[in-house]
Amino acid sequence: MALEEKREKRPPVTPMMIEEEAALRNGSRGLPPGPWAEAAGPRPRTTERHIAVHKRLVLGFAVSILALLAVTMVAVLLSVRFEECGAAADGPPRAANNGSLPGPAAGQPRGRAEPREEARGGEEAAERRQEEEEEEEEEWQRRRQLPPWARPRLPRHLRPLHYNLMLSAFMENFTFCGEVNVQLEVRNASRYIVLHAHRMHIEAVRVAEDKLAGAVRVARSFLYPQTQVLVVVLNRSLEVQRSYNLKIIYNALIENELLGFFRSSYVLHGERRFLGVTQFSPTHARKAFPCFDEPIYKATFKISIKHQATYISLSNMPVETSVFEEDGWVTDHFSQTPLMSTYYLAWAVCNFTYRETITKSGVVVRLYARPDAIRRGSGDYALNITRRLIEFYEDYFKVPYSLPKLDLLAVPKHPYAAMENWGLSVFVEQRILLDPSISSISYLLDVTMVIVHELCHQWFGDLVTPVWWEDVWLKEGFAHYFEFIGTDYLYPGWNMEKQRFLTDVLHEVMLLDGLTSSHPVSQEVQQATDIDRVFDWIAYKKGAALIRMLANFMGHSVFQMGLQDYLTIHKYGNAARNDLWNTLSKALKRVGKSVNIQEVMDQWTLQMGYPVITILGNETTDNVIVISQERFVYDSDTKTKDSGLGDNSYLWQIPLTIAVGNTSHISSEAIIWVSNKSEHHRIPALEEASWLLGNINQTGYFRVNYDIRNWRLLINQLTRNHEVISVSDRAGLIDDAFNLARIPLNVRDIVYCTGVSLMDEDVWEFIWMKFHSTLAVSEKKILLEALTCSDDRNLLNRLLNLSLNSEVVLDQDAIDVIIHVARNPHGRDLAWKFFREKWKILNARYGEALFMNSKLISGVTEFLNTEEELRELKNFIKSYEEGAAASFSRAVETVEANVRWQRLYKEELFQWLRKSLTH
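Note that the structure is predicted; figures quoted are calculated from it, not measured. In every chain, residue numbers begin from 1 and rise along the written sequence. With the structure being a predicted model, the display of local features is reserved for residues of pLDDT at least 70 and the display and counting of side-chain atom pairs for 80 or more, all residues being used for whole-chain, interface and lining totals. Calculation of side-chain values draws on the structure's entire complement of heavy atoms; hydrogens and water are dropped beforehand.

### Re the overall build of the protein
Heads up, the rule is: A run of DSSP states H or I qualifies as a helix once it reaches four residues; a run of E qualifies as a strand once it reaches two. Both are numbered from the N-terminal end. Exposure classes here rest on a 1.4 Å probe applied to the protein chains alone. A residue is buried below 20% of its type maximum, exposed above 50%, and partly exposed in between. Residue-level accessible areas treat just the shown protein chains as cover; the underlying method is Shrake-Rupley with a 1.4 Å probe.
The helix and strand tally for the protein stands at 30 helices and 28 strands. Among the 919 residues that make up the protein, the fraction classed as buried is 51%. Taken as a whole, the protein presents about 42100 Å² of accessible surface, with 53% of it coming from carbon and sulfur.

Next comes the structure, spelled out in structure tokens:
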């Protein structure tokens, strides 16, 4: 009777509920919450229906005994099957007569009939059995489902609306405890809650209905480390369109690493001081509090932080109230955030001081740093340009900055140059503190571009967030592109977008994207382990190059108008690339142009690589040229091995801009859309002595080739009067002359490096001591890199070993030390040997930090060029197959290319040099 009453109160049964019930039954009968979750598969429905019938009819004792025996037999059979059910990659478990899941018998080759069946029916029976097995396997694959907590993505039946998070930070022993209350909206009825939680101890879990009603009893809860989730199993289903409050009490460490909620330190007046700060992107918020740690789950947050009164606390929003206690503790209550993703949440506990400024629209901007750095004015430059840049972006995007304040936090140790947490952006000191008296123009430029990048994220990323990590370029590509647009706003004379963008972004990423080991800008991301690989230069630099191409063929004013619409429509929400394409297409329509942006840009974002355009003059018809396209690949041998690289699957819609010129004049540019493998186009102004120039100002993401006659005309033009062709098109002059023409600060790095390489050990020791004694972050960086220039292999070895001591060299600087030693001809083999010997330590330190491992692998291997070194690399990869597979694949391809170049051209180059030197 009690069972029937409960059944009446339940919502209608849905397929999802049936699936959940099956998963929960397999994991709720006294099995521990670890291995069982992987191994348990769905129990056959036929057997359970029989059991249910027995219960409902309440059969006699004798029938119950028979039922019990039957259930016992099934349980024994299923226990044998657990290992097979859990091994998805090995195919379905073998068939049994009791209704268990179908498949070939254990040890039986797939597609063969059993011996008895062959005896009965010969070959026909065997063929029939093979067909049955194939059909059964398809059915098994269709029915097979992992339990919800074992899947790579969170189930979609719940949505967080609001988090109330209360933290207590204990800086004396680097621990913290927390209580999080999550208001949940139920989309589909469910008896479980699955959310992310990793590397924490869960003390208590409670669920209440609609805040006022009584608790929903928790049957049990457990952490599932394989997918970094916490599973809460309830004694009844959560009802659709109702809201519930999930309360979790937990504690964890303030980690001595660079992710999650971690600690850092610095020395002031001979005393070591500590601070705690967060780094949640891309998947590390789950290390600091239980949460729905995927970008699509935007919610509001109310944060409270309790800490010792000798510290201050910071978070995304301003402090609303502070409550001081008699025991020397204080609790800061922060204002509620707008809707935002978990990985942009941030907080810090430190004893920094600050300076502030206010924008025209009333946004309070503060820069927090070590007290000595604030006193010296090291943060003043960053503070001032931040105010100007917020005003620039508000005007450009026509969308106001969305929070009342923006704090810039300069920390001594951080895994990246900076992180764009909404309202609390965190920077490593080297990328935000600047001492005008000793910092060079090149260092000032680096600081400027990092700040421009992170402020762009306050709109592209924080305000409008990509739906999922496959489109991370939607925020990183825009921020990287605006590094140059924003810097041009601050320093118009530097021509960043027209000149330095080419050398620092376009040319560099085209080198990478011309390898067969490249990948599309938008790449599929299935699980958390795949996320790190999308944060690379393809996402950042190719993304920026494609955005620049898009802005140029649309026209900058129309492009700007489209971005304004995109941000206005999707603010406080999520967007995918198609949302952007649709908005930009509509912007073009408003000015009378009809281009299907999605159709064009899908070819650039979903295909790897880029095309080379070849322009040939037509000898039989005047003023007609032949334009063809094919994918550009550096290694022609690889191209012939892979037939897919040369077929029609690699096609782009290419906005080819062209101009015609002669010895004294160049025409205005025109645009030709190239969509086919080969096309004919008429160019009216193309005369006998005229040359043709394609991809004007290199706004397109492609290469251009010409026939021999046109190449000769271009060479002749450059020899006689190169100014007819712009700096961008010459792509030869960059900002070297600009930096070298300015007072000794701008060549200090060259002087230090040269001095260390030419002088003895005493000079090296002097630079080493200067590195330790200077307080200027920018000077430390130059001095450390200079130490890698030594010709003394003992000193280089000493420096490599010192680089792993975090007290001597900051963790993020150790990678640069190893790479710079690898670039030194005297240290290349030392760095390569050190890398292999210390790989376990390096991988443990940097493996989770997005593309830091990729940077290290590339930097250490890019100059390897012998057959022996190639063999060493391949053997090393075999020994350490786990992690960084894509980076090692690129490294092998690069070294193979180096070896091939050495074999083909080394002797020819030396002969040319010897001949040139004799003359």
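After that view of the structure, there is still more to cover.
### Quick notes on the environment of Leu-506
Condition: Any two residues whose heavy atoms approach within 4.5 Å are treated as being in contact.
With respect to the helices and strands, the residue Leu-506 is situated in helix H11 (residues 496-513). Apart from the residues within four sequence positions on either side, Leu-506 is in contact with Phe-501, Ala-545, Gln-698, Gly-700 and Tyr-701.

### What about the packing of aromatic side chains?
We count it as follows: Aromatic rings from Phe, Tyr and Trp, taking only the six-membered ring of Trp, are treated as a pair when their centres fall within 6.5 Å; an angle between ring planes under 30 degrees marks them as stacked, one over 60 as edge-to-face, and anything in between as tilted.
Following the criterion strictly, the structure yields 55 aromatic pairs and no others. Between Tyr-343 and Tyr-344, the aromatic rings sit 4.2 Å apart at their centres with planes inclined by 35°, giving tilted as the arrangement. According to the relative accessible area criterion, Tyr-344 is buried, its value standing at 1%. With 5.2 Å between their ring centres and 50° between their planes, Phe-835 and Trp-839 make a pair best called tilted. The exposure class assigned to Phe-835 is buried, which follows from its relative accessible area of 0%.

### Quick word on the environment of Lys-677
Inspection of the secondary structure puts Lys-677 in the loop between strand S25 (670-674) and strand S26 (678-682). Placed 27 residues apart in sequence, Lys-677 and Tyr-650 show a C-alpha to C-alpha distance of 9.3 Å.

### As for the pattern of salt bridges
Selection criterion: Here, a salt bridge means any Lys or Arg side-chain nitrogen found within 4 Å of an Asp or Glu carboxyl oxygen.
Going through the model one piece at a time under the given rule, you end up with 46 salt bridges. Arg-376 is the partner of Asp-372 in a salt bridge, and the nearest nitrogen-oxygen pair spans 3.8 Å. Of this pair, Asp-372 and Arg-376 are both found in helix H7 (residues 371-376), four residues apart, which corresponds to roughly one turn of the helix. Here Asp-372 falls in the buried class, since its relative accessible area comes to 10%. The exposure class assigned to Arg-376 is partly exposed, which follows from its relative accessible area of 37%. Here Asp-471 ties to Arg-577 by a salt bridge, and the two come within 3.0 Å at their closest N and O atoms. In this pair, Asp-471 is assigned in the loop between strand S20 (464-466) and helix H10 (473-490) and Arg-577 in helix H15 (residues 577-590), connecting sequence segments 106 residues apart. Exposure remark for Asp-471: the relative accessible area of 3% places this residue in the buried category. One network of salt bridges, in which partners are shared, links Arg-370, Asp-372, Arg-376, Glu-429 and Asp-435.

### Overview of a nonpolar patch on the surface
Heads up, the rule is: Think of a patch as exposed residues, more than 30% relative accessible area, with no salt bridge, where like charges cluster within 9 Å and nonpolar side chains (Val, Leu, Ile, Met, Phe, Trp, Tyr) cluster within 5 Å.
A contiguous nonpolar patch, built from Trp-901, Leu-904, Tyr-905, Leu-909, Phe-910, Trp-912, Leu-913 and Leu-917 and spanning about 850 Å² of accessible area, is present on the exposed surface. Residue position: Phe-910 is located in helix H30 (residues 885-918).

### Structural notes on the state of the cysteines
Our working definition: Disulfides are defined as pairs of cysteine sulfur atoms found within 2.5 Å of each other.
One pass over the full model with this rule turns up one disulfide. At a sulfur-sulfur separation of 2.0 Å, the disulfide partner of Cys-753 is Cys-789. With the S-S dihedral at roughly -105°, the linkage between Cys-753 and Cys-789 falls on the left-handed side. Within this pair, whereas Cys-753 is found in helix H21 (residues 748-758), its partner Cys-789 is found in the loop between helix H23 (777-787) and helix H24 (793-802), the two being separated by 36 residues in sequence. Of the residues examined, Cys-789 reaches a relative accessible area of 14% and is grouped as buried.

### Topic: the sheet that holds strand S11 (residues 312-315)
Rule in force here: Think of it this way: DSSP has to see at least two bridges between two strands before they count as a pair. Lines fitted to C-alpha atoms define the axes here, with helix axes fitted over just the stretch in contact, and angles between the N-to-C directions of these axes take values from 0 to 180 degrees.
Strand order in the open sheet made by the four strands is S8-S9-S14-S11, with antiparallel pairing throughout. The outermost strands of the open sheet, each flanked by one partner alone, are strand S8 (260-268) and S11. The sheet shows a mean angle of 15° between the axes of neighbouring strands, direction not considered. When S11 meets strand S14 (residues 347-350), the two strands line up antiparallel, connected through four bridges. Its bridge partner being in S14, Leu-314 is matched across the sheet by Ala-348.

### Let's talk about the pairing of strand S17 (residues 405-411)
Strand residues, when the strand is regular, have side chains that alternate between the two faces of the sheet. Of all seven residues that make up S17, seven are buried, and the element is covered over most of its length. Side-chain alternation along S17 places Lys-405, Asp-407, Leu-409 and Val-411 on one buried face and Leu-406, Leu-408 and Ala-410 on a second face that is also buried. Across five bridges, strand S16 (residues 364-369) lies against S17 in parallel orientation. Bridging from a neighbouring strand, Leu-367 pairs with Leu-408 of S17.

### Here's the deal with the nonpolar core
Our working definition: Note on terminology: a nonpolar core comprises buried Ala, Val, Leu, Ile, Met, Phe, Trp, Tyr and Cys residues joined through side-chain atoms within 4.5 Å.
Ile-193, Phe-289 and Phe-559 are the most contacted members of the largest nonpolar core, which totals 186 residues. When residues no more than four places from it in sequence are discounted, the contact partners of Phe-559 are Tyr-396, Phe-478, Tyr-481, Ile-547, Leu-550, Ala-551, Met-554 and Leu-584. The next biggest cluster of nonpolar side chains, apart from the first, holds 48 residues, and it includes Trp-764, Ala-814, Ile-815 and Ile-819.

### Observations concerning the side chain of Thr-487
Rules: Pairs of N or O atoms are called polar contacts if they sit within 3.5 Å, as long as, within protein, a hydrogen donor faces a hydrogen acceptor (for residues adjacent in sequence, only side-chain-to-side-chain pairs).
The topology assignment puts Thr-487 in helix H10. Judged by relative accessible area, Thr-487 falls into the buried class, the value being 0%. A polar side-chain atom of Thr-487 sits 2.5 Å from the main-chain carbonyl oxygen of Glu-483.

### Regarding unusual backbone geometry
Omega for the bond connecting Ser-281 with Pro-282 falls within 30 degrees of zero, at 0°, which places this linkage in the cis form. In the Ramachandran plot, Tyr-572 falls in the positive-phi region, its phi being about 65° despite a non-glycine side chain. With respect to the element layout, Tyr-572 can be found in the loop between helix H14 (556-570) and strand S21 (573-575).

### With respect to the side chain of Ser-790
By the secondary structure assignment, Ser-790 is in the loop between H23 and H24. Only 3.0 Å separates the side chain of Ser-790 from the backbone nitrogen of Asp-792, close enough to count as a polar contact.

### Describing the environment of Ile-202
Here Ile-202 is to be found in strand S4 (residues 201-209). For Ile-202, a relative accessible area of 17% corresponds to the buried category.

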